[in-house]
Amino acid sequence: MSLTVTVRNAANLPNLERFGKSDPLCTVGFHGVKNSTKEKKGDLNPTWDEQFTWPLQNPLRSDDRLQVQIFDWERAGSNKLMGQLDVSLRDLVSSGSMECEQQLQNGQGEQISATVSLSMSYQAPPSAKESGGGGGGDAADGDLDADFGGGGGGGDDDGDEASPTADEAPGGAASAPGVVLGGGEGGKAARRAMMRRRKANRANLPKKACDFQVRVHVIEARKLVGQNINPVVNVRVFDQVQPTSVKKGTNRPLFDQSFYFMFNMSPREFLDKIVTFEVMNSRTLRSDALIGSFQFDTGLCYDFEAHSVIQKWLLLTNPLDPNGGPKGYLKVSVSVIGPHDEVKPHPKAVLDDNCDIESNLLRPAGVELAPCTFTVRLYQAEDVPQMDTALFEGMKKVLGVGGKKKKELVDPYVVMSFAGNKSKTTVLYNNENPEWEEQLQVGCKFPSMCDRIRLRIKDKDNFNKDDTIGTCYLNLSEISAPGETGFLPTFGPAWVNVYGSPREYSDMSDQYDYLNMGILEGIAYRARMLVEVSTKLNELPSEPSPQAIEQADVARVRQYFLRRRKFTLRTAFLEATMLPESVSDSPVSFEISIGNYGNQLDPNVPPSSSTTQPTNPVTDGEKYYYLPWSGTKPCAIVDCQWEDIHYRLDALNIIKSMCERLERNIQRVHHMVQAQAPPAETARAFIDLIDLFRKDLSDPRRDLPKLPELQTVTPLDRHIHEIREQEIMVIRGEADHLRQSATDIMEALSEVEGFLNRLKNLAFESQNSLPDVVIWMLSNKKRLAYARIPANEVLYAHHTNGDKWLEACGNNCGKPQTVYLNWPPKKDSVSPKSDVPACLRIIVWLGLEAHASDWLQCADEGEISVFAETYENEANLFGWGRKGLTRPAWSDVNGKMRLNKENFDPPPSGWEWDNDWFINPELSMAFDQDQGKTEFVEDIYEYDTRIPGTSWTHAKSSWGNVRGDEVPGRDDVEPPQGWMWKDTQWSVDKNRACDEDGFEYTLDPSMAGYVPVERNYHLCRRRRWIRRRGRDMSSKKLKKKEEKMAKLLEKAKEGWEYSRLFSTKFHSSEQKIDLVRRRRWHRKLVASGAASAPVFFFQDKDEDDIHHQVTPRMFMSFKEPHRYQLRVYLYQARNIRSSDQSGLSDPYCYVSFSRETQKSIMLEATIMPTWDQTLIFDDVELYGDPKVVAAVPPDVRVELYDYDTIGKDEFLGRSVIKPHIRLDNRNAPRLDWYPIKFFDKDAGELLAAFHLMLNEGDELPFAPERMTAPNDTLYRVPSGIRPVMQLMRVEALCWGVRDVKRCQLLSVDRPHVTISVGGAQMHTDPIKKMKKSPNYENPLLIFQKVELPKEELYMPPLNISIFDNRAFGRTPLVGTHSVIHMREYKRDDKRFLAEPPGEQESTAGSATGSPTEHAIDMGSTDDAVPLVASSPKKSADQDKPKKEVDEEDRKATFVDWWSKYYASTTEDDERAVDYNEKYTDMIEVFEEPLEKVFGGFNDFVDSFPVFRGKGQRGEDD
């Protein structure tokens, strides 16, 4: 009888060393006996494979646990903890063997990304095997309950009142209190031991009443029964109840909310109080419905380790339905803090689907979980990438052994994991398309808390750790449904796509290998598997895995599920903009692929026209670069073969299109509510919304397609189709009822948002076998950035009658769309890059090859052209020629294949030549380095030489460029056409590494290496002369087109591109150091009838067995662009991120549209900037029908940066907006608030408007007025768009400051408050002494006249700043706060708008602000009343004239309180006569509680937290 544990390996361990890497060792403990492995030097993914054995005196129990700890070994000092884990041995008791791979926890109990793998075996005595464990219960059947006693304060031994039970010992330790094993002598002994621990634990509690606190952290819920529910959790502790927020339309809500409950009572009484968690379905018009609940007494928590239940799952049940089974799971942390207890915060919630939930579950007594078996059938896989080196294959080829058959360098197998259980297939060696035809089985309890089945493809390695090829997941929530009408998990047979790192194999380590673990989104397609899943209840696996699948099932799958149809993916690249400077040094191209089709860097993939031609980026003159494709847009075509699953994806697209329309209409109504539109207009908009939604639900064109009578239709297809039809029918009926009964717009909108969430819950397809479309940006044969597009979004659909089915087409199929590429995530990166790798405007079309002719409809005004392409190469070896070439004289763009012109004949079948070969140079060669700039620095170098021992003289070529090439003299240089000099004369550039005369020295100019210090051996020197030139705006428009065409014609004569090497960037002008050149030749192809894909076949002359396939280039050509003008009205922003230590920023904006970028003015020290600036993008060229551009306009990108005098400007956020477009140039846009995002986080709002106008014949609006100096060349926002202003009065009562922290290492002693709003600013007097009194003596600040927007939507924030007054006039900023929404403080009484008579100055401080030329509404001129009043109501008697009473008579007369009361409530009461004769002061009596009258006493003073320093960052920033 023994326990054997084998420590296999660990992965992703944290590095605790500052220099070098940690040396991990693993310690395994059981019942106090520990064993340790050897340390592994400098290895964060160690493999130990060490075995330890524990002899056992008694059989294992289900509550036994194994303690695993991994330390960083230290030669001197104690070892450092890297991670720890408690492993439950419950499954080991029943099975006898167990494989375990689980995530580790840090010292605070928080899960980390590191994992450890163990193998365990248990040799039990025969009696133990028969009884199912040492406690007298069968752990496999779930009969072993842990009884948590709720009784008694002093620790009575008879406190056996029934309470919740769990499947294991709580607290993560076998010695945790409250565990009682059922039945047998072992169970009685455990109960007695538990009682002794409980009594010792509670012995220190006092007998009298004392303070207790219960802290509850509600984290998340899963598997809640019911559909379209809005869960909310009511936490009840004794008589106190606190609810969480409501989460709409989800069965898996995330709450992450904490609650605190305070009690003062005796421990005996307190430890019997019940803690109840009730999960309710929140309903608007009806009372909430109970989903499930769980309760236990506070004594349970107090008996746990540290008096806390940390991140436990509660099994929810319905007390009114005891036989209904589990209703879901709730994850909580509960702590009980008593006298003298140490307060520890709850660890951060970890949301992980792979954690061992089954062993961390508390369940009520009597609730059983049914055993079940998950069966996963793995038939085969495709496209598994190379994972092993080809070194030995190359050696065999050199030695001429091993035959000509190419070995497939991968040995794949699959590991299936679920709920901590694993099973794997056999290994198929040297097989990139393995056919396992095996099934894997795992047992668990159902319903299981784990929501995902993990399938991981691995490569067997005989020498090192097995490599992970890729990981995919099957979500149980998508392949099963709860409730009476639900179904058990089922899937397929269907293909599952696997994503991860790029497929290209390298002998060096890949920095993106960790993506194959499935932790983050994969950036490339890796493989696909044919999988089937089934579930059986009330039975556990009877045979070990893997098992062979019956041949009848294999034959069925081969017959029906391996059928393919020909698809084609076609893409037109309209624009590539926003390229960063880091990619501007080399030509850039883009590749589009689906699956492995189109992958240009994989030699095993058939060639296709999947890439654009390499093009040199051109600057936009401000920040970014773009590719100058002009009117010739590159296209890509990828032919592929996939399963025809239109019946799945058509239904998905129909539901998604309904969701998008409904969401747009909801946002429109919300915008009207926020803008306080007239109620009648808002009601009309809502009625239109609900009518359009009802029309969508009842329109026959949007009916879900019926399932075809095919063998490929799976049971899951039928279940999902039935659920979708039933749910849409229910929503339709509820929408009809809402249309008739809606009375309140906000409540009705909430109901419609519920409809939207319910539809979104239907918009999924787990059996989508079409891989995503992946776009890569390539440069220098490297993959730089990527984007993934789901295939269904660009899928083309045909109706049964052969027409285009608009509703079933993907939302972006055949339409221009904007795609933003992403940088591949790096494992060790501290924060992601802020810049966008590229912004593409593309048209993507995916459909059956039989429907390929419909792609031509997307060309709009363009024409599709096909060209054969070859490059002519020459080298400069004693003159230009073909001697000394390192590539063929005629080749492809990369120089890999020999492509002679004559080898292209004859053309491919179905194609014919349209003309002869012609030179077609790459367009980026025609652009100069000053392209797009409005100002440029012209430079020229003056060169001097000398003979050793003589003085400096002018060189033979005394004037040259930076490379030494001879250029005209300084005085002969003229500005190019369209430019003019901004500097009157040339000047020496001394702002560089040079001496005081601007010279730098070298031995030989051809060797470069210039230094600023002269030596005797230096024979050459030079200095740089500079002169600024700017655009001549008067001639720019007239000569722009002529210059461009002239350049293009001039470059097209020869077409040569020059460079030093073929691997470096080419340029159009020959230079001295250029050694190679090339030019591009094209020949046009036209289709003759039913043409197939145009592919040319070439045979390598050097090797007879090597054949090449070459695909031609494809372009979409446009004759002329349409010209537009974009006006960007930047007014202001609010609540942007603070970037400086002062808590403020110096913000400015980059605005990008199409191929142009402009910059706004910079404002200093503010997080609420008001730019009030108009940016005009003139003469913007866009290709395509203006109606299409109006329907799908390009995005406007606004990026905010903080200006820093030292270092790089800091990124503050980005906003992407669709411009307001009108082809008739009428109806100017309105300002609106747009969200600013800092990656995926909110970073403020931008108030702006964007107007795109067609500039072809119609007159454009007049230019706005200019700003004042020094920005008199810039434009302001015009008065028709800027907010309408009105004079308003603002009062603020600054009562005082509290809890002020230190500022600049000193305590804050004399603070004053500055308040600014609408350009005006006031401040209080400083507090004389904070420690004596933290309140202000004159707290009231009154802004008599402030220009503020009339519409509350445009109301600027009110900024509150606190400064400390210190010696020498220093006033450091202590903190700031911005009141964003002023609606709750606004008073509608028009008397507040006027200026009170006789009160022209403020009561404290000073006000500053200058009037602006806005449209102003003066408002009323009635007498103003104070805004800050002491009471919201006014007594009727306060308007009575005050009687003059002699002061001596007043003092002599004693008036009691009751006389004043009767005088205020009655008129003729004799008890009030004396008071009425002498006094007029009255009191007001209310008939309801004062809390209701005065709004909970919160209407007078609000507390505002102030912040200082940089904006909050997440841990990953």
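Residues numbered from 1 in each chain as written. Predicted model: local features only at pLDDT ≥ 70, side-chain atom pairs only at ≥ 80, totals over all residues. Heavy atoms only, no water.

A. Quick peek at the pairing of strand β13 (residues 240-243). Bridging between strand β12 (residues 231-237) and β13 involves 4 bridges; their strand directions are antiparallel. Bridge pairing links N234 to P243 in β13. Remark: 2 residues form the turn of the hairpin made by β12 and β13, two consecutive strands paired antiparallel; F238 in that turn has positive phi of roughly 60°. (Pairing = 2+ DSSP bridges. Helix = DSSP H or I, 4+ residues; strand = E, 2+ residues; numbered from the N terminus.)

B. Here's a closer look at helix α10 (residues 679-698). For α10, which comprises 20 residues, the first-to-last C-alpha distance of 29 Å matches the rise-based estimate of 28 Å (1.5 Å per residue) to within 8%. When we look at burial in α10, the residues that qualify are T682, A685, F686, L689, I690, F693, D696 and L697. Along α10, the residues classed as buried sweep out an arc of 130° about the axis, all on the same side. Exposed side chains of α10 directed beyond 90 degrees from the buried face belong to A680 and K695. The inward-facing, buried residues of α10 abut α9 (646-674), α11 (715-741) and α12 (745-762). (Expected span 1.5 Å × (residues − 1). Buried < 20%, exposed > 50% of the residue type's maximum accessible area, 1.4 Å probe, protein only. Arc of directions from axis to C-beta. Contact = heavy atoms within 4.5 Å.)

C. Spatial organisation of the side chain of N768. The topology assignment puts N768 in the loop between α12 and β34 (773-779). Looking at N768, the relative accessible area reads 17%, which means it is buried. When residues no more than four places from it in sequence are discounted, the contact partners of N768 are W495, N497, I645, L649 and N792.

D. Broad picture of the confidence of the model for the protein. Across the protein, pLDDT averages 80, with 82% of residues at or above 70. Below a pLDDT of 50 lies the segment residues 127-188, which in the model reaches 162 contacts outside its immediate sequence neighbourhood of four places, other chains included. (pLDDT = per-residue confidence, 0-100.)

E. View of helix α8 (residues 551-560). Within the sequence span of α8, burial applies to D553, V554 and V557. Buried residues in α8, looked at end-on, bunch into an arc of 100°, giving them a common side. Facing away from the buried side of α8 by more than 90 degrees, the exposed set consists of Q551 and A552. Considering only its buried residues, α8 is in contact with β20 (370-382), β26 (491-500) and β27 (524-537).

F. Local environment of the packing of aromatic side chains. The final tally for this structure, using the stated rule, is 34 aromatic pairs. Ring plane angle 65° and centroid distance 5.3 Å describe the contact between F904 and W917, whose orientation is recorded as edge-to-face. Placement of F904 in the loop between β40 (890-891) and β41 (911-913) and of W917 in the loop between β41 and β42 (918-919) is noted, with a sequence separation of 13 residues between them. Through a chain of ring-to-ring contacts, three or more aromatic side chains come together here, namely Y1148, Y1150, Y1201, F1211, F1238 and F1239. A cation over an aromatic ring shows up here: R1022 above the ring of Y1010, its NZ or CZ 4.0 Å from the ring centre. Stacked on the ring of W979, the Lys or Arg R1029 has its end atom at 4.6 Å from the ring centre. (Phe/Tyr/Trp six-rings, centres within 6.5 Å; stacked < 30°, edge-to-face > 60°. Lys NZ or Arg CZ within 6 Å of the ring centre and 35° of its normal.)

G. Region of the structure containing the nonpolar core. Ranked by size, the top nonpolar core spans 138 residues in total, and within it I453, M529, V531 and F590 carry the most contacts. Ranked by residues supplied to this core, first place goes to α9 with 11 residues. Those residues within four positions of V531 in sequence are excluded, and the remaining contacts are V376, R377, L378, L455, L474, F491, G492, P493, A494 and V496. In this structure, V836, W1171, L1212 and I1221 belong to the second largest nonpolar core, which totals 45 residues. (Core = buried A, V, L, I, M, F, W, Y, C linked by side-chain atoms within 4.5 Å.)

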